[in-house]
Amino acid sequence: MATEEQDVPNDVDGKGKKVAKHDSGAADLEKVTDYVEETEISSQVISDAVQVVSHRRAKEASQKLERERELSKVKINKEDVDLIVHEMEISKQLAERTLREHKGNVVEALIELTN
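Because the structure is predicted, anything quoted here is derived from the model rather than measured.

Caption draft 1: Representation of helix α4 (residues 92-101). Taken residue by residue, α4 has Ala 95, Thr 98 and Leu 99 as its buried positions. Taken end-on, α4 shows its buried residues confined to a sector of 100 degrees, consistent with a single buried face. Packed against the buried residues of α4 are α3 (78-88) and α5 (106-114).

Caption draft 2: Expanded view of the nonpolar core. Of all hydrophobic cores here, the largest spans six residues; its members are Val 81, Ile 84, Ala 95, Leu 99, Val 106 and Ala 109. Contributing elements (two or more residues each) for this core: α3, α4 and α5. Ignoring anything within four residues of it in the chain, the contact list for Val 81 reads Ile 76, Lys 92, Ala 95, Glu 96 and Leu 99.

Basis of the calculations
Residues numbered from 1 in each chain as written. Predicted model: local features only at pLDDT ≥ 70, side-chain atom pairs only at ≥ 80, totals over all residues. Heavy atoms only, no water. Buried < 20%, exposed > 50% of the residue type's maximum accessible area, 1.4 Å probe, protein only. Helix = DSSP H or I, 4+ residues; strand = E, 2+ residues; numbered from the N terminus. Arc of directions from axis to C-beta. Contact = heavy atoms within 4.5 Å. Core = buried A, V, L, I, M, F, W, Y, C linked by side-chain atoms within 4.5 Å.

This is the structure we're talking about:
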């Protein structure tokens, strides 16, 4: 029985050492962790950032719309579209788009679709 009672304090000491070991790890972690002071962001800064983002999105949308207008002006043959759809087994919209991007040149469109 005496040995059992002696084992209990040793376990407690062992746990105490483990706790101390973990405490030093936390202290080490605090040394390498960056601390940033919290600052309040003004509503003006937020609204400026939102305006910049919305302006950029509007600009990208207008560029995309302009690109679509340019592509829609390109004349393509229906036979070329059908040829690409049947040979490449792709959608008609993709075939038309690829042909328009290559100004109606079937060979260049097929080369791009195969690569």
